[in-house]
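Structural description and commentary
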Number of protein chains: 2
Amino acid sequence: MSEADVQVLQSEIKAMGDEIRSLKAEKADAALIKEKIAAMLEKKKLLGDGQLDQGKHILKTAKGTRDYGPKSMAVRESVLKIVTDAFKRHGAETIDTPVFELREVLMGKYGEEGGKLVYDLQDQGGELLSLRYDLTVPFARYLAMNKITNIKRYHIAKVYRRDQPVMTRGRYREFYQCDFDIAGQYDLMIPEAECLKIVDEVLSKLEIGEFNIKLNHRFILEGMFAACGAGADQFKTVCSSVDKLDKLPWVEVEEELIKDKGLTKENTEKLGQFVRLREFNPSMGNVELLDKLMEFEDLAKNARFKKGVLVNYCSLFGVSTVRFDPSLARGLDYYTGAIYEAVVPKALEGVSLEANGEEQKGLPVGVGSVAAGGRYDELVGNFMAPSGTKGKEKRQDVPCVGVSFGIERLFAIMEAKMQIEQLQVRTTETEIYIASAQKNLLQERMKLCKILWDEGFKVELAYKANPKLLTQLQYCEDRLVPLVLIVGERELQDGVVKLRNVKTRVEQDVPVNELVPTLRSTLSSLK
Amino acid sequence: MSEADVQVLQSEIKAMGDEIRSLKAEKADAALIKEKIAAMLEKKKLLGDGQLDQGKHILKTAKGTRDYGPKSMAVRESVLKIVTDAFKRHGAETIDTPVFELREVLMGKYGEEGGKLVYDLQDQGGELLSLRYDLTVPFARYLAMNKITNIKRYHIAKVYRRDQPVMTRGRYREFYQCDFDIAGQYDLMIPEAECLKIVDEVLSKLEIGEFNIKLNHRFILEGMFAACGAGADQFKTVCSSVDKLDKLPWVEVEEELIKDKGLTKENTEKLGQFVRLREFNPSMGNVELLDKLMEFEDLAKNARFKKGVLVNYCSLFGVSTVRFDPSLARGLDYYTGAIYEAVVPKALEGVSLEANGEEQKGLPVGVGSVAAGGRYDELVGNFMAPSGTKGKEKRQDVPCVGVSFGIERLFAIMEAKMQIEQLQVRTTETEIYIASAQKNLLQERMKLCKILWDEGFKVELAYKANPKLLTQLQYCEDRLVPLVLIVGERELQDGVVKLRNVKTRVEQDVPVNELVPTLRSTLSSLK
């Protein structure tokens, strides 16, 4: 059993144990509890020996977290580089904030559900601290604390949520967020268009297949809901139902709206006409769809959205993957303007979800959104002066718009893609291996290493006095090291070193004084 | 008052408050308590208005932590790049582990003192977790868990210690460690020599002035102590006294050894001869100093150290900054062989320690060690089978050697250096700014941006409909953007764009169809 399998089993057993304990606490039916216990013991058996030979030391990572081994790291770094390059291409600076914040900074920012998922640090004397839940609230705190009203920054860092992990679907308790945000007072929606351009660039460069970016606006949602008789106080709860439309059919969403949210059948029929407009017109242009929406009289009179401006900016920036979609209703309450979400509908189609060596990976076909964001104009101002503040205190708003990449999902898609295309992953950047053909050449190898390191080459050598040539060459083939320099007695006498191309196995003698330029030109010809 | 000043004051006030509370708890002299309270109130006055205008929201980072703004990040990334490049040049892979570990993984690894400094997470149900204290124990856990016996890896990540912070001296509660380690069974000390080579390379490339790497070996320490009558059980405690020799004069260390550690005057006189050998022979060669040490009869018979081998390997690798120093006695208990520590004696000499804009910085002249490490052959094996394990369980040792860079200190030195040399720090990589000279050219600017982004250029534009030309040019001068493209009506009619060199202010008209190659060649000529 792989380590990943063991972890999955352990976390399943843990979850079953939790369930049993809560059933007991609720004094549930004894037969049910017995059944659950039996199921858990079965699972435990599966773990079997794997567990026993670890002795008393339980060697595992915390629930919902994973190590990144060299191969995963190589994939992760390639994805992060594409994201970072895009952020830099658009002129962003970068900042970093501590992994924990004062608890009161985070409190009340993530709604009732989110708040429960925050990791608290133990009170060991001094301040009460919690691990960050996202990068947006620390960003807002940073702006407010330093009175910054104007910045374009990115922040790539891990965040923490005590959610139920589904590691096989890329849902972890510790995961990366890659955020790009523009703070500043601008009349036009160019910053929004730039965020969408970045999403388009990153997903194109990752070559993960067809994707599209759903776009909507809070004003349109408000207009649609108001036209259907849902009051402003119902905005959040109606949003959360509509948000399910990408997973559930309309009839189920409609039922929820009527049964749980108190809308009438008349209300929902009207709402359905609005939010299903994209569904009914899958290939209609964005401007045409917006026009069509505005044909509804009730809506045109309510909507404050400046029709089509952002869509037009996207065209100017060459972003053709944006699809205006009135059913997009992201859950977070702090959005005040445009909202967007990128999906890769066919991601992982046909991928075997079995363990692929280093870690078990896998997501169902389609992985949900891989990037999302929107405008939030009031979060920073709330830090500077809480919304309840009365009287003379001057409230300074710092309008912000941003996007966050769901980078674990992109890792998973990239790892799967590499698996399908059977691409080999290099975990080192070693260019040259210094080998020896005979015994007693350690000093010669070390001297050669020194010369090449000092010239900036990436070089390795065996740490043994008399390594076997075959072992050394095998290492290079396994690790995809392109060149080997073989030091030998004959060569030393002739003042040459043997240069071997690992792939073609072609060898040539290179005079020592021509070595550096020869290596440079050979390496650049291999690129 | 700068934000940094406020933070320093707040943490001082906090510490004074803590002291007062503990004095009260101990029922200390009332006059003393009164005096302390008065001092604290004085400090509080200093904070004054700065505090009041923040309203009820306390806008600060957790004690002992800091934000990194764009300028600090630019410095941090330049330092990290030099470190990472060195690790890659030596063929290392990279891994990452979660920020928290099961508490029992960390327990008992950092001695009594270290253990107190571990941050625990609150018990919110489920596993008991703690934040990592270093990267070495998670590395050992990773090796043991995945049964890896052979790896050369680096790991760059933040670690956490609830120490008393001295932020003006670069001592934080959240800080980076950059670790390079080689795990594997090798007879020769080549991995040690490679670690020292890396330290030499990184510190040379950082150009932070003269440095040297102190080298010693556990066997030599054991031999010296035994020859002076200190038993094996006293090893750790004698080490901790000797370790102070870089800060305290010998007489004080000697006094501590006699009074607190139970050595006799005869013992310490002998010990002094050994450990002060480098002090007495500051310019003696390493091999000669080793020879001199071995002239002491008691020592030669005790020392198991293979005289001079590592020193010789260092010469082969061209490392001339290693100084064998018998007084080096690093505190950590897990070292089993060579130990080393790099110091920059004249770091920050002549640096003004005043606030330099973004954050207050500053260390006293000399900053202590900037890199340190050694061999630890038993840590991984202890994970696989705890040392108390009896009977048949097979213990597998995974010998390791590594080095860790004290990167916050290097940041501080680099920031100070930039301050002295008045180097301007670029926080973005923007190459080209798209400006307009007249009104109503937004669409033209956006189209040009799109073309250049798609060609891979790093480009920015103003987010306003009709920005002033002067404002746009000023932005480029402030941000050190090298090139500006100015879109104008006349130019549009002529099918050209005006290209302006920000530094020289020279302008030229470039035909639109020659724009991309012209920009590429201009940018490469500027490098």
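Residues numbered from 1 in each chain as written. Chains lettered and ligands numbered in written order. Predicted model: local features only at pLDDT ≥ 70, side-chain atom pairs only at ≥ 80, totals over all residues. Heavy atoms only, no water.

This is how it is decided: UniProt positions are given in the numbering used here, feature names are shortened, and annotations may be inferred rather than shown by experiment.
Taking an unreviewed UniProt entry as the reference, chain A is identified by name as histidine--tRNA ligase belonging to Haemonchus placei. Checking UniProt for chain A, the heading Sequence similarities (unreviewed entry) contains the comment "Belongs to the class-II aminoacyl-tRNA synthetase family." Turning to chain A, the UniProt record has this under Catalytic activity (unreviewed entry): "tRNA(His) + L-histidine + ATP = L-histidyl-tRNA(His) + AMP + diphosphate + H(+)".

**Things to note about the pattern of salt bridges**
Worth spelling out the cut-off: Salt bridge, as used here, is a side-chain nitrogen of Lys or Arg placed within 4 Å of a carboxyl oxygen of Asp or Glu. Under the scheme used here, helices are H or I runs from DSSP no shorter than 4 residues and strands are E runs no shorter than 2 residues, and both carry numbers assigned from the N terminus.
Under the counting rule described, the total for this entry stands at 72 salt bridges over all chains. For Lys197 of chain B, the salt bridge goes to Asp454 of chain A, with nearest N and O atoms at 2.8 Å. In this pair, Lys197 of chain B sits in helix α8 (residues 190-206) while Asp454 of chain A sits in helix α18 (residues 442-454), so the two residues belong to two different chains. The partner of Arg153 of chain B in a salt bridge is Asp181 of chain B, with the nearest N and O atoms 2.9 Å apart. Linking Arg153 of chain B in strand β4 (residues 151-160) with Asp181 of chain B in strand β5 (residues 174-183), this pair joins segments that are 28 residues apart in sequence.

**Considerations on unusual backbone geometry**
Residue and element names in this part refer to chain B. Unlike most non-glycine residues, Lys147 shows phi in positive territory, near 50 degrees. With respect to the secondary-structure elements, Lys147 resides in the loop between α7 (136-146) and β4. Even without being a glycine, Glu207 presents a positive backbone phi close to 50 degrees. Within the fold, Glu207 resides in the loop between α8 and β6 (212-217).

**Examining the interface of chain B and chain A**
This is how it is decided: Contacts were defined at the residue level, with two residues in contact if any of their heavy atoms lie within 4.5 Å. Note: buried area is the sum, over both parts, of the accessible area (probe 1.4 Å) each one loses when the two are combined. Polar contact criterion, stated in full: a pair of N or O atoms within 3.5 Å, where within protein one must be able to donate a hydrogen and the other to accept it, and residues adjacent in sequence count only if both atoms are side-chain atoms. Ten residue types, Ala, Val, Leu, Ile, Met, Phe, Trp, Tyr, Cys and Pro, are classed as nonpolar, four, Asp, Glu, Lys and Arg, as charged, and the remainder, Gly among them, as polar.
Chain B puts 102 residues into the contact, and the matching count from chain A is 103 residues. For the pair chain B and chain A, the two sides together bury roughly 9000 Å², of which 58% comes from carbon and sulfur. Considering only the surface of chain B that becomes buried against chain A, Met145, Trp453 and Tyr463 of chain B emerge as the three largest contributors, covering 10% of it. Our count for the chain B to chain A interface comes out at 16 salt bridges. One salt bridge in this structure joins Lys158 of chain B and Asp96 of chain A, with 2.7 Å as the shortest N-O distance. Along the contact surface separating chain B from chain A lie 40 residue pairs in polar contact (both at pLDDT 80 or more). The element that contributes the greatest number of residues to the side of chain B that touches chain A is helix α19 (residues 442-454) of chain B, accounting for 8 residues. Residue classes in the side of chain B that touches chain A are distributed as 44 nonpolar, 24 polar and 34 charged.

**Some words on the sheet that holds strand β11 (residues 432-436) of chain A**
Residues and elements named next belong to chain A. Which entries qualify depends on this criterion: Pairing between strands is defined by DSSP: at least two bridges between them are needed. Note on geometry: axes are C-alpha line fits, over the in-contact stretch for helices, and angles between N-to-C directions span 0 to 180 degrees.
Here 5 strands make up an open sheet; going across it, the order is β12-β11-β13-β14-β15 and the pairing mixed. On the outer flanks of this sheet lie β12 (459-461) and β15 (507-511), each paired with one strand and no other. Pairs of neighbouring strands in the sheet enclose a mean axial angle of 30 degrees, with direction left out of account. Both β11 and strand β13 (residues 483-487) contribute to a ladder of 5 bridges, which runs parallel. Looking at β13, one finds that Ile432 is bridged to Leu483. Here α18 sits on the sheet and contacts β11, β12, β13 and β14 (496-501); the angle it forms with β12, its principal contact strand, is near 165 degrees.

**Here's the deal with the packing of helix α15 (residues 309-316) of chain A against α19 of chain B**
Here is the rule: Each angle is binned into one of four classes, with values under 35 degrees roughly parallel, values over 145 roughly antiparallel, values of 65 to 115 roughly perpendicular, and all other values oblique.
Between α15 of chain A and α19 of chain B, whose axes approach to 8 Å, the crossing angle comes to 45 degrees. The orientation of α15 of chain A with respect to α19 of chain B, classified from their angle, is oblique. For the pair formed by α15 of chain A and α19 of chain B, the contact residues are Asn312, Tyr313 and Leu316 of chain A on the first element and Leu442, Gln443, Met446, Lys447 and Lys450 of chain B on the second. Class assignment for the residues of the contact of α15 of chain A with α19 of chain B results in 4 nonpolar, 2 polar and 2 charged.

**Observations regarding the packing of aromatic side chains**
Condition: Only Phe, Tyr and Trp rings are paired, with Trp represented by its six-membered ring, and only when their centres lie within 6.5 Å; those with planes under 30 degrees apart are stacked, over 60 edge-to-face, the remainder tilted. Buried means the residue's accessible area, taken with a 1.4 Å probe over protein chains only, is under 20% of the maximum for its type, while exposed means over 50%, and partly exposed covers the values in between. For a Lys NZ or an Arg CZ to count as sitting over a ring, it must be within 6 Å of the ring centre and within 35 degrees of the ring normal.
Within the structure shown, the criterion is met by 22 aromatic pairs over all chains. On the basis of an interplanar angle of 45 degrees and a centroid distance of 5.2 Å, the ring pair of Phe100 of chain A and Tyr119 of chain B is categorised as tilted. On the criterion of chain membership, the pair formed by Phe100 of chain A in strand β2 (residues 100-102) and Tyr119 of chain B in the loop between α6 (111-116) and β3 (129-131) is interchain, its members lying in two chains. For Phe100 of chain A, a relative accessible area of 0% puts it in the buried group. Their ring planes at 65 degrees and their centres at 4.9 Å tell us that Trp453 of chain A and Phe317 of chain B sit as a pair that is edge-to-face. In this pair, Trp453 of chain A sits in helix α18 while Phe317 of chain B sits in the loop between α16 (309-316) and β7 (322-324), so the two residues belong to two different chains. Here Trp453 of chain A matches Phe317 of chain B in class, with each residue buried. Positioned over the ring face of Tyr68 of chain B is Arg76 of chain B, at 4.5 Å from the centre of the ring. One residue, Arg153 of chain B, lies across the ring of Phe139 of chain B, its end atom 3.9 Å from the ring centre.

**Structural notes on the pairing of strand β5 (residues 174-183) of chain A**
Residue and element names in this part refer to chain A. With 10 of its 10 residues buried, β5 lies for the most part within the structure. Both faces of β5 are covered, namely the face carrying Glu174, Tyr176, Cys178, Phe180 and Ile182 and the face carrying Phe175, Gln177, Asp179, Asp181 and Ala183. Sheet topology places strand β4 (residues 151-160) next to β5; 10 bridges connect them, and they run antiparallel. Across the sheet, the residue bridging to Ile151 is Ala183, located in β5. Of the pairings in the sheet, the one linking β5 to strand β10 (residues 400-405) comprises 6 bridges and is antiparallel in character. Directly across from Ala183, in β10, lies its bridge partner Cys400.

**Concerning the UniProt feature "binding site: L-histidine" (unreviewed entry) in chain A**
Residues and elements named next belong to chain A. UniProt records the feature "binding site: L-histidine" (unreviewed entry) at Asp134, Leu135, Thr136, Arg161, Gln177, Asp181, Arg330, Tyr334 and Tyr335, using the numbering of this structure. Its place among the elements puts Leu135 in the loop between β3 (129-131) and α6 (136-145). The contacts of Arg330, once residues within four sequence positions are left out, are Asp243, Tyr335, Ile339, Tyr340, Glu341, Ala372 and Gly373.

**What to know about the confidence of the model for chain A**
Residues and elements named next belong to chain A. This is how it is decided: As a per-residue quantity, pLDDT reports the predictor's confidence and falls between 0 and 100.
Per-residue confidence for chain A gives a mean pLDDT of 87, with 88% of residues at or over 70. Confidence, read as mean pLDDT per element, is least for helix α2 (residues 30-52) in chain A (69) and greatest for strand β1 (residues 93-94) (98). Note that residues 49-56 has pLDDT below 50 and, in this model, 4 contacts with residues that lie over four places away or in other chains. Overall, residues 353-365 carries pLDDT values under 50, and its contacts beyond four positions in sequence, including any with other chains, amount to 44 contacts. Predicted as a complex, the structure gets a pTM of 0.84 and an ipTM equal to 0.83.

**Considerations on the relation of the copies chain B and chain A**
Worth spelling out the cut-off: Only residues with pLDDT of at least 70 in both copies contribute their C-alpha atoms to the least-squares superposition of the copies.
It takes a turn of 180 degrees to lay chain B on chain A, together with a shift of 0.0 Å along the axis; the resulting RMSD is 0.2 Å. Between the two chains, the operation in question is that of a two-fold axis. The overlap is high: 99% of the interface residues of chain B also sit at the interface in chain A, so the same surface is used on both sides.

**Overview of the sheet that holds β5 of chain B**
All names here are of chain B. Spatially, the 8 strands line up as an open sheet ordered β1-β4-β5-β10-β9-β8-β6-β7, and their pairing is mixed. Single-partner strands in this sheet number two, and they are β1 (93-94) and β7. Here 6 bridges tie strand β9 (residues 369-376) to strand β10 (residues 400-405), and the two strands are oriented antiparallel to one another. Its bridge partner lying in β10, Arg375 is registered against Val401. Here α8 sits on the sheet in contact with β4, β5, β6, β7, β8 (338-343), β9 and β10, set at roughly 10 degrees to β10.

**Brief notes about the packing of helix α8 (residues 218-227) of chain A against helix α11 (residues 265-275) of chain A**
All names here are of chain A. The line we're drawing: Left-handed describes a crossing whose near helix is turned anticlockwise from the far helix through less than a right angle; right-handed describes the clockwise counterpart.
Interhelical geometry of α8 versus α11 gives an angle of 150 degrees and a closest axis separation of 9 Å. Viewed along their axes, α8 and α11 adopt a mutual orientation that is roughly antiparallel. Viewed along their axes, α8 and α11 form a crossing whose handedness is right-handed. Of the residues in α11, those touching α8 at Met224, Phe225 and Ala227 are Lys270, Leu271, Phe274 and Val275. For the contact of α8 with α11, the residue count by class is 6 nonpolar, no polar and 1 charged.

**Let's talk about the side chain of Thr94 of chain B**
Within the element layout of this structure, Thr94 of chain B appears in strand β1. Its relative accessible area of 9% is what places Thr94 of chain B among the buried residues. Within the structure, Thr94 of chain B has its side chain in polar contact with the backbone oxygen of Tyr154 of chain B (distance 2.9 Å). Those residues in contact with Thr94 of chain B, other than ones at most four positions away along the chain, are Gly69, Pro70, Met73 and Glu77 of chain A together with Tyr154 and His155 of chain B.

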